[in-house]
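Examination of the molecular architecture
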Amino acid sequence: MIRPETQTDTSLVHAVHSAAFPTTAEADLVDALRANDHLVVSLVALDEVQLIGHIAFSPVTIEGVELVGLGLAPVAVLPSHQGQGFGGQLIRAGLEACRELGVDYVVVLGHPNYYPRFGYAPASTYSLDNEYGAGDEFMVIELTPRCLAGHSGLVQYGDEFRALA
Ligand SMILES: CC(C)(COP(=O)(O)OP(=O)(O)OC[C@H]1O[C@@H](n2cnc3c(N)ncnc32)[C@H](O)[C@@H]1OP(=O)(O)O)[C@@H](O)C(=O)NCCC(=O)NCCS
């Protein structure tokens, strides 16, 4: 089951990211985004007994471009539950929630073999740069068809991401 995060999920969401990533940096990032009211879309995945996954989307900007953009980050599934489709379900449901909110595009910094199955393409094909020196790992999906045509520039994440970098 996938549903929006609620107040009682907070510590479990922190635990999922802490377990899935080598450090608590991503878990702390989610807390910072939440504290600043920057978790635009925040979904949890549950199996029969527990919360086993979480995905977050927060605002990004391209200077001079008046489109609504979000960054998918982070997404995590408990190690014991990885490889069973939960991550894919979270990503698909998250992108659908973004679409329903009228979001134009969503970027992600992730594995270039994983995200294309959800419709992502390298952001470089749209002349979009990133703050991390990433190549094909930096990807974008247009939720508003062709909204990025004619736009280029540096995609900037929120200040909360500086601690992560
Ligand atoms: C990435 C993650 C959320 C995917 O969730 P999941 O439930 O395991 O994913 P699914 O079962 O839907 O999909 C499995 C696919 O993801 C791939 N995959 C999983 N983690 C991956 C990673 N870190 N890099 C590349 N591919 C990965 C698997 O190889 C598998 O590919 P296949 O379908 O071609 O065999 C999960 O593995 C995770 O929490 N990883 C640790 C945290 C992380 O790296 N998050 C992403 C960066 S923000």
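Refer to the structure printed above.
This text gives an overview of the structure that appears in the document. (Residues numbered from 1 in each chain as written. Predicted model: local features only at pLDDT ≥ 70, side-chain atom pairs only at ≥ 80, totals over all residues. Heavy atoms only, no water.)

Our focus in this paragraph is the site of the ligand. The full set close to the ligand counts 15 residues, and Val77, Gly83, Gly85, Gly87 and Gly88 are the nearest of them. Between the ligand and Gly83 there is a distance of 2.7 Å, counted from an oxygen atom to a backbone nitrogen or oxygen. In isolation the ligand offers 860 Å² of accessible surface; the protein chains occlude 63% of this area. If you list the elements that add at least two residues to the shell around the ligand, you get strand S4 (69-77) and helix H3 (86-100). (Near = heavy atom within 4 Å. Polar contact = N/O pair within 3.5 Å; in protein donor to acceptor, adjacent residues only side chain to side chain. Areas by Shrake-Rupley, 256 points an atom, 1.4 Å probe, with all protein chains shown as cover. Helix = DSSP H or I, 4+ residues; strand = E, 2+ residues; numbered from the N terminus.)

A few words on the nonpolar core. Core analysis: the largest hydrophobic core is formed by 52 residues, its most contacted members being Phe57, Leu72, Val106, Tyr115 and Tyr120. Per-element tally for this core: the top contributor is strand S3 (residues 51-62), with seven residues. Look past the residues within four positions of Leu72 in its chain and what remains in contact with it is Ile55, Ala56, Phe57, Ile91, Val106, Val107, Val108, Tyr115 and Tyr120. (Core = buried A, V, L, I, M, F, W, Y, C linked by side-chain atoms within 4.5 Å. Buried < 20%, exposed > 50% of the residue type's maximum accessible area, 1.4 Å probe, protein only. Contact = heavy atoms within 4.5 Å.)

We now examine the layout of surface pockets. By volume, the largest pocket is sized at about 540 Å³. What lines the largest pocket is a set of 26 residues, among which Phe21, Pro74, Val75, Ala76 and Tyr115 lie closest to the centre. Contributions of two or more residues to the lining of the largest pocket are made by helix H2 (25-35), S4, H3 and strand S5 (105-109). When residues in the lining of the largest pocket are grouped by element, the largest group, six residues, is from S4. Here the residues of the lining of the largest pocket sort into 20 nonpolar, five polar and one charged. (1 Å grid on protein atoms, 1.4 Å probe; cavity = no way out; pocket = protein on both sides within 12 Å on 5 of 7 lines; lining within 4 Å. Points joined across faces, edges and corners; volume = space filled by probe spheres on them. Nonpolar A, V, L, I, M, F, W, Y, C, P; charged D, E, K, R; others polar.)

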